[in-house]
Amino acid sequence: MATATTAVSRRGVTFLRAAIALQTAAVFFQAVTAGLLLTTSSAEVVHGVGARVMYGASMLYVLAAVLAWRPGGGSARPILHATGFLVLASAQVVLGIAHVPSVHVPLGVLIFGLSVAALVRAPAGRVVRRSGAR
């Protein structure tokens, strides 16, 4: 039974790390396309599509955090972090649609930094052997 619980926990943590990595990559893509907006008008479409992907990745992060917590018995703290990212992503979308770059750009930088920090701090999902265990 402990092996099954460990396997479920490891899968949940792996899914959580993958969701955070996807979110981080999507936010980085948004930064790249924001830079392209300075040079070409056609980047607006790509930035808009990227915004939808980034928002979806934030929702996936919430789902992954819940799944890592509930069946695996992990900490509920990632759910709070994921929910915070979703709130920030919602504000980011609203500010982008309203064309408020003076807040939209710094918020994007903050989101990227927090996402990288969450990725670095996310549990690795490795099984730790105890000294007496075989």
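(A) Representation of the overall build of the protein within the structure. Within the protein, the secondary structure is distributed over 4 helices and 0 strands. Relative to its 134 residues, the protein shows a buried fraction of 28%. Considering only contacts in the protein between residues 6 or more positions apart, those separated by 24 or more positions represent 64%. Surface exposure of the protein reaches about 8,600 Å², of which carbon and sulfur atoms provide 70%.

(B) Highlighting unusual backbone geometry. The phi dihedral of His99 falls on the positive side, at around 55°, and the residue is not glycine. Tracing the chain through its elements places His99 in the loop between helix 3 (77-97) and helix 4 (101-121).

(C) Seen up close, the packing of aromatic side chains. Summed over all chains, the structure comprises 2 aromatic pairs. Between Phe28 and Phe112, the aromatic rings sit 6.0 Å apart at their centres with planes inclined by 40°, giving tilted as the arrangement. With Phe28 in helix 1 (residues 2-37) and Phe112 in helix 4, the pair connects residues that are 84 residues apart, well separated along the chain. Under the relative-accessibility criterion, Phe28 is labelled partly exposed at 49%.

(D) Quick peek at the side chain of Thr33. Its place among the elements puts Thr33 in helix 1. Relative accessible area serves as the criterion here: at 2%, Thr33 is assigned to the buried category. Those residues within four positions of Thr33 in sequence are excluded, and the remaining contacts are Ala43, Val46 and His47.

Rules and cut-offs
- Residues numbered from 1 in each chain as written.
- Predicted model: local features only at pLDDT ≥ 70, side-chain atom pairs only at ≥ 80, totals over all residues.
- Heavy atoms only, no water.
- Helix = DSSP H or I, 4+ residues; strand = E, 2+ residues; numbered from the N terminus.
- Buried < 20%, exposed > 50% of the residue type's maximum accessible area, 1.4 Å probe, protein only.
- Contact = heavy atoms within 4.5 Å.
- Areas by Shrake-Rupley, 256 points an atom, 1.4 Å probe, with all protein chains shown as cover.
- Phe/Tyr/Trp six-rings, centres within 6.5 Å; stacked < 30°, edge-to-face > 60°.

Everything listed here is a matter of geometry and, on its own, says nothing about what the molecule does.
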